[in-house]
Amino acid sequence: MTDKKEMSGASAPGSDGKEGVKLKRVPRPILDFACQLWFGTWIVVFLLILRFLLSLIHSFKALTSKSSPQDARSEAQRLCNKVAIQVFRAAIVLSPWMRINWRETRAVDDKTSGKKQKAMTLQEACEAVGGGKDGGPTVIFMNHCSFIDSLVAAVKFAEADCGDIRFLMVSSLFDIPLWGEMCRLIGHFPVHAVVNKKGSVANPLGHGGSHEDFRINKELQKKETELMASFLKPGKGLCIYPEGTINRQVRKGERVTSLLPFRYGGIGLAMQYKMKAVALIACGCEEVWPWGSPIGGVPGEVDLVAIPVGDLVELGETAKAASGKLQELMEREAVALYAERGDRDGGNLWMHASLGSALLVFWGIMIGPLTVFFLVAMSLIGLGHALVRVSGAATGRSGGAVFSLGAGDGKHMKTE
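Conventions we followed
Residues numbered from 1 in each chain as written. Predicted model: local features only at pLDDT ≥ 70, side-chain atom pairs only at ≥ 80, totals over all residues. Heavy atoms only, no water. Helix = DSSP H or I, 4+ residues; strand = E, 2+ residues; numbered from the N terminus. Buried < 20%, exposed > 50% of the residue type's maximum accessible area, 1.4 Å probe, protein only. Contact = heavy atoms within 4.5 Å. Areas by Shrake-Rupley, 256 points an atom, 1.4 Å probe, with all protein chains shown as cover. Pairing = 2+ DSSP bridges. Lys, Arg positive; Asp, Glu negative; His and termini not counted. Salt bridge = Lys/Arg side-chain N within 4 Å of Asp/Glu carboxyl O. Polar contact = N/O pair within 3.5 Å; in protein donor to acceptor, adjacent residues only side chain to side chain. Axes fitted to C-alpha atoms, helices over the stretch in contact; angles between N-to-C directions. Expected span 1.5 Å × (residues − 1). Arc of directions from axis to C-beta.

A. Layout of the overall build of the protein chain. Broken down by element type, the protein chain carries 12 helices and 11 strands. Expressed as a percentage of the 416 residues in the protein chain, the buried residues total 50%. Sequence-distant contacts, at least 24 apart, represent 74% of the contacts inside the protein chain between residues at least 6 apart. Summed over its atoms, the accessible surface of the protein chain is roughly 19100 Å², and 61% of this surface lies on carbon and sulfur atoms.

Right under this line is the structure:
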């Protein structure tokens, strides 16, 4: 449990830093391009593989399960989540210039001793998500600084065989080919955001409006909340980005000196279902997947720090009050992490330059086989769907064999 006194203490190191300080980075376009091309290639390959495997898992469960369609779908989503995380973990392993560090000490100093405070170990964080001693569901609140945030968190938690974690993500991400279909099959929950002025949900600040210039479509979100309620059981966890969008300082290429104002809808949900909370602070995700880049894979390091929060009601009686205290806690840690980090720049430049050159050559050799693999994978996907339909017709089972996977509906997979 986080001490309330800690949240009202002196500012963290670096919190008095000047806003608008640009991060310094050695320009290396060829190296970055080589590494991103390598990482992006594996992401596309793995998404194609997952598209086939996850559909197969759902089809198998729908045809063989003796339980209700809803239970069969829930079990299929759990298995899909485990498979997807391990596959993406392989993508990180195959890109060793992207390092993910789990810190067991916080960047904020203890007020009395002056020493670094202890953070949760990876095992402790996973035990909390797995239900811990109380056996209830858990919510993870994470700051948002890059598109790779969720991938980094999920892959790291998978190292300790964590519980079943689902992410809340803006509904527009479900429209992305392959990625959106994968998210539906896993069972991630869309957040139906509506921008009040000109702009897009993916870039709500692009029209010059404020952070609060988008709202939630309550009618659509009500259905997702009902699905979340059925999901929230012991051993289950939700990961929520209370900022609602990627930090605007990251968008400008500046050092983070504050977090965006927390939106307290997700905090209210966690309080309603009496979920135990863990604060997860990430630093450096924006280096390995920079804002505005179509794909990640840039050499860099990511630091993760987990802080136990416990019962949100102890931070405040209302979601708004608890949100303010939670933001103060996470902001102090994030600012201290970025200040401690300084202008760290992707490790050994010469090692990465040599590796990047080798990757360009290797990727050129692989492009032929990858093209063949793509064609074969698409053929297998089509064959798999055909077999499922034939099997469904032969067994006389109509429920669960056909899935709604059309892009743009922003809804979960459903059975007919």
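That was the structure; now back to the text.
B. Focus on the environment of S59. With respect to the helices and strands, the residue S59 is situated in helix α2 (residues 29-64). Spatially, the C-alpha atom of S59 lies 9.4 Å from that of R73, the residues being 14 residues apart in sequence.

C. Seen up close, the pairing of strand β10 (residues 276-283). Most of β10 is tucked away: 7 of the 8 residues are buried. Two strands pair when backbone bridges link them, and strand β4 (residues 138-142) and β10 are joined in this way by 5 bridges, in the parallel orientation. Note that in β10 the partner of M142 across the bridge is L280. Direction of pairing for β10 relative to strand β11 (residues 300-311): antiparallel, over a ladder of 8 bridges. By the bridge assignment for β11, A279 is matched with I307.

D. Local environment of the side chain of E286. Along the chain, E286 falls in helix α10 (residues 285-288). Within the buried core, E286 has no salt-bridge partner, and the shortest N-O distance to an opposite charge, that of R341, equals 5.5 Å. One polar contact links E286 to Y338, side chain to side chain, over a distance of 3.0 Å. Excluding its chain neighbours within four sequence positions, the residues that come into contact with E286 are C145, S146, V250 and Y338.

E. Geometry of the sheet that holds strand β1 (residues 98-102). In space, the 7 strands of this open sheet follow the order β1-β11-β10-β4-β9-β5-β6, with mixed pairing throughout. The sheet terminates laterally at β1 and β6 (189-191), the two strands that pair on one side only. Averaged over all adjacent pairs, the angle separating strand axes in this sheet is 25 degrees, with direction ignored. Bridge count between strand β5 (residues 164-170) and β6: 3 bridges; the pairing is parallel. Opposite V170, over in β6, you have V191 as the bridge partner. Along the sheet, helix α9 (residues 265-272) contacts β4 and β9 (236-240); its crossing angle with β4, the most-contacted strand, is approximately 160 degrees.

F. Quick look at helix α7 (residues 218-231). The end-to-end C-alpha distance of α7, which contains 14 residues, comes to 19 Å, matching closely the 20 Å that a straight helix rising 1.5 Å per residue would cover. The set of residues buried in α7 consists of Q221, E224, M228 and F231. One side of α7 holds all its buried residues, which, seen down the axis, span an arc of 60 degrees. Looking at α7, the residues exposed on the side facing more than 90 degrees away from the buried face are E219 and K222. If you check the start of α7, you find a side-chain oxygen 3.2 Å away from the backbone N of E219, and it comes from N217.

G. Spatial organisation of the pattern of salt bridges. Scanning the entire structure with this criterion turns up 11 salt bridges. A salt bridge links E75 to R78, with the nearest nitrogen and oxygen atoms 2.6 Å apart. Of this pair, E75 and R78 both sit in helix α3 (residues 69-93), 3 residues apart, which is roughly one turn of that helix. Given the relative accessible area of 25%, R78 is considered partly exposed. One network of salt bridges, in which partners are shared, links D164, R166 and K236.

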